[in-house]
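# Chains, contacts and geometry: an overview
These are the residues of each chain, in order.
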Amino acid sequence: MLSFLIQKEFLQIRRNAFLPRLIIAFPVMVMCIMPWVMNMEVKNIVVDVVDNDRSRYSQQLVHSIEASRYFIFNGQKPTYAVALDDIQKSRADVAVVIRQGYGKRLSNGQSTGDGDVLIAANAVNGTKGAIGSSYLTQIIVDNLSTRQLVNSLTLYNKGQNYKVFMIPALLAIVVMLMCGFLPALNIVSEKETGTIEQINVTPVSKHVFILSKLIPYWMIALAVVSICLVLSWLVYGIVSQGSLWLVYMLAMLLALFFSSLGLVISNHSDTLQQAIFVMWFFVVCMLLLSGLFTPTRSMPTWAFATTYVNPMSHFIEAVRTVFVRGGSFPSISSHVYALAGLSLLMAVWAVRSYKKNQ
């Protein structure tokens, strides 16, 4: 009985003119476009410089800023007021003001005083202002003649390639959207067309019916994850540093959770519009609280507590450990157990929430 129901699901997917194309095109688009644009590295920061010192040391600092690949040098301005006017009129993002006497103190072996270099940043775009100021601060520190040499050692992702960091997160997004929204629209679409009534009058048990709805999307999850990993290798030359079996195991657990969540929402929804909006609410909340875009430790305590019951948070932390660091099962075991527990709980809920007499 189960095999015939699974065959029915695949026939419905194949006869849909849109879904087969979506299953192939969506992961291809995500992997070929998103790693180039989902980048937290800030570039093309327009900077004005006001050099009130005009010394060799101040000009060395100016040339260092000008040579940086992160900045667009907007020239030297005569006064701070002129530079500030550029910021107010959005002609510049940051202004650097070098106070008179900066070079003299450095040549005498003295430490620079407070206010020797002023950084004024346009923080309307908070990320751009904060990171741009951080870049400038590092350049200023590197140009101090009294600085101590500091060697840094990068253990993982030594090239600091942001695509290596984002590809595991994109796997999570693809699995979440494909295995969340498609099941959420499945049962409710059968309610609207009336075909669910034909299932309700058969002796098919609830768990067999729900399992027949879940298995096709697990297979779809395997397919899209494979497409993503192949494209990661072909397009970017990036491969998992750890076991691919662990990556697939994590993907299947995440697919189980979101496909079950989609069916729970579908069981409680009467229209496609209702199912879409409810699913979108949960997807956005779990995505923003998962640590995909911002570190979870930066969240307030009450918000960080939600990561313990957020499957996206467990998946992203675990898959990055495997994909980037080459971690083994013991290093991600706590996340695997948490993800498995949440997924099984949601699967049980999906079975219990389906009512054959609806």
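Everything discussed here concerns the structure shown above.
To start, this report covers the structure provided alongside it. (Residues numbered from 1 in each chain as written. Predicted model: local features only at pLDDT ≥ 70, side-chain atom pairs only at ≥ 80, totals over all residues. Heavy atoms only, no water.)

## A few points about the overall build of the protein chain
Threshold: In this description a helix means any DSSP run of H or I spanning at least four residues, a strand means any run of E spanning at least two, and both kinds are numbered starting from the N terminus. It is over C-alpha atoms that the radius of gyration is taken, and the globule rule equals 2.2 Å times the number of residues to the power 0.38. In this description, contact between two residues means that some pair of their heavy atoms is separated by no more than 4.5 Å. Lys and Arg are tallied as positive, Asp and Glu as negative. Neither His nor the chain termini are counted. By convention, the point assigned to a charge is CZ for Arg, NZ for Lys, CD for Glu and CG for Asp.
Helix and strand counts for the protein chain come out as 14 helices and 4 strands. In terms of overall size, the protein chain is more extended than a compact globule, its C-alpha atoms giving a radius of gyration of 27 Å where 358 residues would be expected to give roughly 21 Å. Oriented by its inertia axes, the alpha-carbon framework of the protein chain measures out at about 90 × 45 × 40 Å. Taking contacts inside the protein chain between residues at least 6 apart in sequence as the whole, the part at least 24 apart equals 78%. Counting 27 positive and 17 negative side-chain charges, the protein chain places the averaged centre of each group 9 Å from the other.

## Some points on the nonpolar core
We apply this condition: The nonpolar core is taken to be a set of buried Ala, Val, Leu, Ile, Met, Phe, Trp, Tyr and Cys residues, with the residues joined through side-chain atoms within 4.5 Å. A 1.4 Å probe rolled over the protein chains alone gives each residue an accessible area, and that area as a share of the maximum for its type sets the label: buried under 20%, exposed over 50%, partly exposed in between.
Formed by 80 residues in total, the largest nonpolar core has its most connected members in Phe 258, Leu 292, Met 312 and Phe 315. Sort the elements by how many residues they give to this core and helix α7 (residues 162-193) lands first, with 19 residues. Among all residues touching Phe 258, those that are not within four sequence positions of it are Met 176, Cys 179, Gly 180, Met 279, Met 286 and Met 312. Core analysis: the next-biggest nonpolar cluster, separate from the first, contains 19 residues, Val 42, Phe 71, Val 94 and Tyr 135 among them.

## Some words on the packing of helix α10 (residues 244-267) against helix α13 (residues 311-323)
Here is the rule: Only C-alpha atoms enter the line fits that serve as axes; for helices the fit covers just the stretch in contact. Angles between N-to-C directions range over 0 to 180 degrees. When an angle is under 35 degrees it counts as roughly parallel; over 145 it counts as roughly antiparallel; between 65 and 115 it counts as roughly perpendicular; any other value is oblique.
Viewed as axis vectors pointing N to C, α10 and α13 meet at an angle of 170°, and their least axial separation amounts to 10 Å. Considered as vectors, α10 and α13 are oriented roughly antiparallel to each other. Each of Leu 246, Val 247, Leu 250, Ala 251, Leu 254, Phe 257 and Phe 258 in α10 lies in contact with α13, whose residues at this interface are Pro 311, Met 312, Phe 315, Ala 318, Val 319 and Val 322.

## Some points on the environment of Ala 255
When you line up the elements, Ala 255 lands in helix α10. Note: C-alpha distance between Ala 255 and Ala 172 (83 residues apart in sequence) is 9.3 Å. Ala 255 has contacts with Val 175, Cys 179, Trp 218 and Ala 221, leaving out every residue within four places of it along the chain.

## Looking at a nonpolar patch on the surface
This is how it is decided: Note that patches include only residues with greater than 30% relative accessible area and no salt bridge, and the join distances are 9 Å for like charges and 5 Å for nonpolar side chains (Val, Leu, Ile, Met, Phe, Trp, Tyr). Residue exposure ignores everything except the shown protein chains as possible cover, and the areas themselves are Shrake-Rupley values with a 1.4 Å probe. Just to be clear on terms, a salt bridge is a Lys or Arg side-chain nitrogen sitting within 4 Å of an Asp or Glu carboxyl oxygen.
Residues Val 230, Trp 233, Leu 234, Val 235 and Val 239 make up a contiguous nonpolar surface patch of roughly 470 Å² in combined accessible area. With respect to the secondary-structure elements, Val 239 resides in the loop between α9 (206-236) and α10. Since its relative accessible area comes to 42%, Val 239 is described here as partly exposed.

## Quick notes on the side chain of Ser 269
Selection criterion: Identification of polar contacts relies on pairs of N or O atoms within 3.5 Å, with a donor-acceptor requirement for protein atoms, meaning one able to donate a hydrogen and the other able to accept it, and with residues adjacent in sequence counted only if both atoms are side-chain atoms.
By secondary structure assignment, the location of Ser 269 is in the loop between α10 and α11 (272-288). Of the residues examined, Ser 269 reaches a relative accessible area of 1% and is grouped as buried. From its side chain, Ser 269 meets the backbone oxygen of Ile 265 in a polar contact 2.6 Å long. Not counting residues up to four positions away in its chain, the partners in contact with Ser 269 are Val 188, Lys 191, Gln 274 and Ala 275.

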